[in-house]
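# Coordinates in review
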Amino acid sequence: LSVLLSLLLPAHSTRSPDCGGILTPSGLRYLAEVSKPHAESVLRRDFMARPAPDPSPTSPSSRNQITSVKVAKFSLTLIPDTGMRLSIEADLGVTSAPSATKEKRLSILADLHVEMNPEGNLELVTSDCKHTLEEVQSTEETDRSAPHKSSGSDIDKQINVEKICLEVSRLLLLPNERLMSLAAPFPITPSCQVQYLPLAAPMYSEQGIIISLQTTFQVAGTAIPLPVSPVPFSMPEPASSSPSHLILAFSEHFYTSLFSALEESGALNVSLLSSLTTATLAERITQMGSLFQEDLPVVLQAVTRSAPHVVLEEDKAIVQLFLTAQIGAGSSLFQSFLSVNVDATARLHLSVADTRMIISVAAIEDIELSLAASDVGPILAALLEELFLPTIREEVTAQINGVLRQGVSLPHIAGFTYTNVNITIHKDYVLIPCNLQLEARTG
């Protein structure tokens, strides 16, 4: 897969994937399974919607009418380097007289592939289609003659090549509506959105259909510039026998971009009213009494001074935070008396719920401090750090977890959710094999 994804880079020198996915043959089989009722509904609606022709004594066959449609087989098969093959077998009940009903077997073969349309959306199209129509004979008839392809009736005229291609195109209307939803913007916070944009039409290998995506983030409706990825995204090819329907992959750069977008939107900044006041601080630090003549609430503000960075290692994800913590007094007019640069690292925990990646931050592990500016001596500064560092640890962690509580939408198409999820963190990328689950229709 890494080789296949890298082939996309020369054509998109300024756009490179930072995540992607592979729909496996197992996933194709599942999509065919859940699409069978829809196919039957479309064929039944179109073939059975025609009114019966006026009866004519001189032309009994003109009274033929399709009265039932039952899809016996619906399959999607992967064709490496080309696309997919759709195979449909449908049993048609044909009534030629009030008491005479025959059954015919309609077989459809169509070659499908996914293109990128001018709007930048992926679209499933038909490149070739053909059909056969055979009469299913009773046991007595079979004894007398072999099954034969029917021809010359009004039913055959209704079901021709052009009509079949039109029916297949109608079958693709719903999948294409859902494919368009892949590139829809998804909210992360009220002011921050994520969007997954396909870079090119998918590629087809024996292991599945490979889609490469580039993530963009909008803050207040405007796309923001993101850090440049130091290396193109790549990941090892999954096992060809993978039982999962879909394998999603996210680069280290994707997670850094996510936190950069949150930092840009101000979502990671913390401002809180401490339980301390300048009077209670003066009990331990006598100089505080001379700095503030009245008892004021102590306020802590922690803001990002540069974008966070995510590092992925085997079974481990770490976020590096670069903050400036301002400690001051006064709720309306903030007066800072200590400014400390805080460089911290924390473990990230990843899980998936429905179609959202839930990211949570564990307690901050390592903190390096350096005084940015201070009106108090180093001994007093150390005492203030002792008083406020536990609060910084807790509140920064709580702020990030609060922002990410609802999760970050994964690339997905409408109507499906993810089950049987297994997340594996590797060096430089995260792998998420999962199964597709068609959501129950409501309303």
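So, here is what we can say about the structure in this document. Because the structure is a prediction, the values reported are computed rather than measured.

### Here we look at the overall build of the protein
Across its full length, the protein holds ten helices and 22 strands. Contacts in the protein between residues far apart in sequence, at least 24 positions, make up 65% of those at least 6 positions apart. For the protein, the exposed surface amounts to about 21400 Å²; the carbon and sulfur share of it is 53%.

### Observations regarding the layout of surface pockets
What the largest pocket holds in volume is close to 1100 Å³. Along its surface, the largest pocket is lined by 42 residues, and Leu 31, Pro 175, Arg 178, Ile 413 and Phe 416 are the ones closest to its centre. By residue number, the principal contributor to the lining of the largest pocket is helix H2 (residues 25-47), which donates eight residues. Of the residues in the lining of the largest pocket, the class split is 33 nonpolar, six polar and three charged. When residues of the lining of the largest pocket are assigned to domains, at least three fall in each of domain 1 (24-48 + 65-136 + 161-180) and domain 2 (182-426).

### Focus on the environment of Leu 338
Tracing the sequence through the fold places Leu 338 in strand S16 (residues 335-353). Of the residues examined, Leu 338 reaches a relative accessible area of 0% and is grouped as buried. For the pair Leu 338 and Ala 325, spaced 13 residues apart in sequence, the C-alpha to C-alpha distance is 8.1 Å.

### A short note on the nonpolar core
Nonpolar side chains in soluble globular proteins tend to end up buried together. Core analysis: the biggest nonpolar cluster contains 110 residues, and Phe 250, Tyr 255 and Phe 337 have the highest contact counts within it. Top element by residues in this core is H2. It accounts for nine residues. Each of domain 1 (24-48 + 65-136 + 161-180) and domain 2 (182-426) gives at least three residues to this core. Judged by nonpolar contacts, the second largest core, of seven residues, contains Ile 22, Ile 210, Ile 247 and Leu 431.

### Section: the pairing of strand S5 (residues 122-136)
By the bridge criterion, 14 bridges tie strand S4 (residues 100-116) to S5 in an arrangement that is antiparallel. Each bridged residue has a counterpart across the sheet, and for Ala 110 the counterpart in S5 is Cys 129. Counted between consecutive antiparallel strands, the loop separating S4 from S5 contains five residues, among which Gly 120 sits at a positive phi close to 85°.

### Some details on helix H7 (residues 252-264)
Between its terminal C-alpha atoms H7 stretches 18 Å, which fits the 18 Å expected from 13 residues at 1.5 Å a residue. Extensive coverage of H7 is indicated by the burial of twelve of its 13 residues. Turning to H7, its buried residues are Glu 252, His 253, Phe 254, Tyr 255, Thr 256, Ser 257, Leu 258, Phe 259, Ser 260, Ala 261, Leu 262 and Glu 263. Backbone geometry just after H7 places Gly 266 at a positive phi near 80°.

### Some words on the side chain of Asp 111
Inspection of the secondary structure assignment puts Asp 111 in strand S4. The class for Asp 111 is buried, based on a relative accessible area of 19%.

Reading guide: rules and limits
- Residues numbered from 1 in each chain as written.
- Predicted model: local features only at pLDDT ≥ 70, side-chain atom pairs only at ≥ 80, totals over all residues.
- Heavy atoms only, no water.
- Helix = DSSP H or I, 4+ residues; strand = E, 2+ residues; numbered from the N terminus.
- Contact = heavy atoms within 4.5 Å.
- Areas by Shrake-Rupley, 256 points an atom, 1.4 Å probe, with all protein chains shown as cover.
- 1 Å grid on protein atoms, 1.4 Å probe; cavity = no way out; pocket = protein on both sides within 12 Å on 5 of 7 lines; lining within 4 Å.
- Points joined across faces, edges and corners; volume = space filled by probe spheres on them.
- Nonpolar A, V, L, I, M, F, W, Y, C, P; charged D, E, K, R; others polar.
- Domains from an automatic or database assignment.
- Buried < 20%, exposed > 50% of the residue type's maximum accessible area, 1.4 Å probe, protein only.
- Core = buried A, V, L, I, M, F, W, Y, C linked by side-chain atoms within 4.5 Å.
- Pairing = 2+ DSSP bridges.
- Expected span 1.5 Å × (residues − 1).

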